[in-house]
Amino acid sequence: MTDPRTTPVPDRIRSDVAHNARVWNHWLGGTDNHPVDREVGDRVTAMYPSIGEVACADRAFLERAVRYLAGEAGIRQFLDIGTGLPSAGNTHEVARRTAPDCRVVYVDNDPTVLALARTLLAGSPRGATEYVDADARDPERILRAAQPTLDLGRPVAVMLLGILNFVLDPDEARRIVRTLMDALPSGSHLVLTHPTLELGGEGNEAAMRFWNENATPPITARTRAEFAAFLTGLDLVDPGIVSCAHWRGESGAAQVAQFGAVARKP
């Protein structure tokens, strides 16, 4: 992993304000973060000690979901929005262990992710893995930018892991999902995770309030019903909407306050 102290820093990177991608990287044990990210991340952990388990469970859910999609579901195209910083088990790595011909487009607007995109793309077949610098709030642009790499006339798995929680307006969040899925054919899939104050997550309320006062972007939790609204018109893949740690996870895995689901467009 590249050390942020020696990586050229784009002009729009703020190293004096904690940012989600870097704090998440800290919770996962990475080094692509700054002192302010570690300080805020550790304060959140003190207020909500299970946040590290949430981060790890979300990452493990990604691996299980991608294995299912590239294997049993036969998906060969992935649109991963809100990529985050490179870590072990990125979408293209997991998918290609099952099907080497998978094609992946990563999307993020975090400048640190942009600076380290070469890490995501290193060693990938030319044209099979691409990175798009775009905001999740502009799904039309994302779809246009993905087309040189992905055939949108064939099924695509849209990955929105821990990203809709940064879209505070519920109508806007639903519009993003609807725009993406309406543009894709039958057999496409939607993969979601989202924090909640349910599933034992009540203690996260104060931590989220602290985050919104000290870091960026602001975050919100949603209920099971609000999460389910993103999946309207899609067919849930078993076991449906559950803690992401319980989606086809190991028996007895500890529950975390993060919904996870995979759904298929009929």
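Just so it is clear, the structure is predicted and the values come from calculations on it, not from any experiment. (Residues numbered from 1 in each chain as written. Predicted model: local features only at pLDDT ≥ 70, side-chain atom pairs only at ≥ 80, totals over all residues. Heavy atoms only, no water.)

Chemist: Would you explain the overall build of the protein chain in this entry?
Modeler: Secondary structure summary: the protein chain contains 10 helices and 10 strands in total. Burial analysis of the protein chain (266 residues in total) assigns 53% to the buried set. (Helix = DSSP H or I, 4+ residues; strand = E, 2+ residues; numbered from the N terminus. Buried < 20%, exposed > 50% of the residue type's maximum accessible area, 1.4 Å probe, protein only.)

Chemist: Where do I start with helix α3 (residues 51–70) in this structure?
Modeler: Count 3.6 residues to each turn of an α-helix, and residues three or four apart come out pointing the same way. Here α3 contains 20 residues, and its C-alpha end-to-end distance of 29 Å stays within 8% of the 28 Å for a straight helix at 1.5 Å per residue. Burial of α3 is extensive: 15 of the 20 residues sit out of reach of the surface. (Expected span 1.5 Å × (residues − 1).)

Chemist: Could you clarify how one ought to interpret helix α2 (residues 35–47) in this entry?
Modeler: When the terminal C-alpha atoms of α2 are compared, their 18 Å separation across 13 residues agrees well with the 18 Å that a helix rising 1.5 Å per residue should span. Listed as buried for α2 are V36, D37, V40, G41 and V44. Down the axis of α2, the buried set is contained in an arc of 125°. They therefore lie on one face. Opposite the packed face of α2, turned more than 90 degrees from it, sit the exposed residues P35, E39 and A46. (Arc of directions from axis to C-beta.)

Chemist: Explain the pairing of strand β2 (residues 77–81) here, please?
Modeler: Looking down a regular strand, the side chains alternate between one sheet face and the other. Within β2, 5 of the 5 residues are buried, leaving the element largely enclosed by the surrounding structure. What you see with β2 is no split at all: Q77, L79 and I81 on one side and F78 and D80 on the other are buried throughout. Pairing analysis gives 3 bridges linking β2 to strand β5 (residues 157–161), with the strands arranged parallel. For F78, the partnering residue across the bridge sits in β5 and is A157. (Pairing = 2+ DSSP bridges.)

Chemist: Explain the nonpolar core to me, please; I cannot follow it from the model alone.
Modeler: Looking at soluble globular proteins, one finds that nonpolar side chains tend to be buried together. Among the nonpolar cores identified, the biggest contains 84 residues, and F78, L79 and L160 are the most heavily contacted of them. By residue number, the principal contributor to this core is α3, which donates 11 residues. (Core = buried A, V, L, I, M, F, W, Y, C linked by side-chain atoms within 4.5 Å.)

Chemist: What's the story with the confidence of the model for the protein chain in this structure? I'm lost.
Modeler: When pLDDT is low, close inspection of the predicted coordinates is not appropriate. For the protein chain, per-residue confidence averages 88 on the pLDDT scale, and 88% of positions sit at 70 or higher. Confidence drops under a pLDDT of 50 for residues 1–11, and excluding neighbours within four residues, the segment shows 19 contacts in the predicted structure. (pLDDT = per-residue confidence, 0-100. Contact = heavy atoms within 4.5 Å.)

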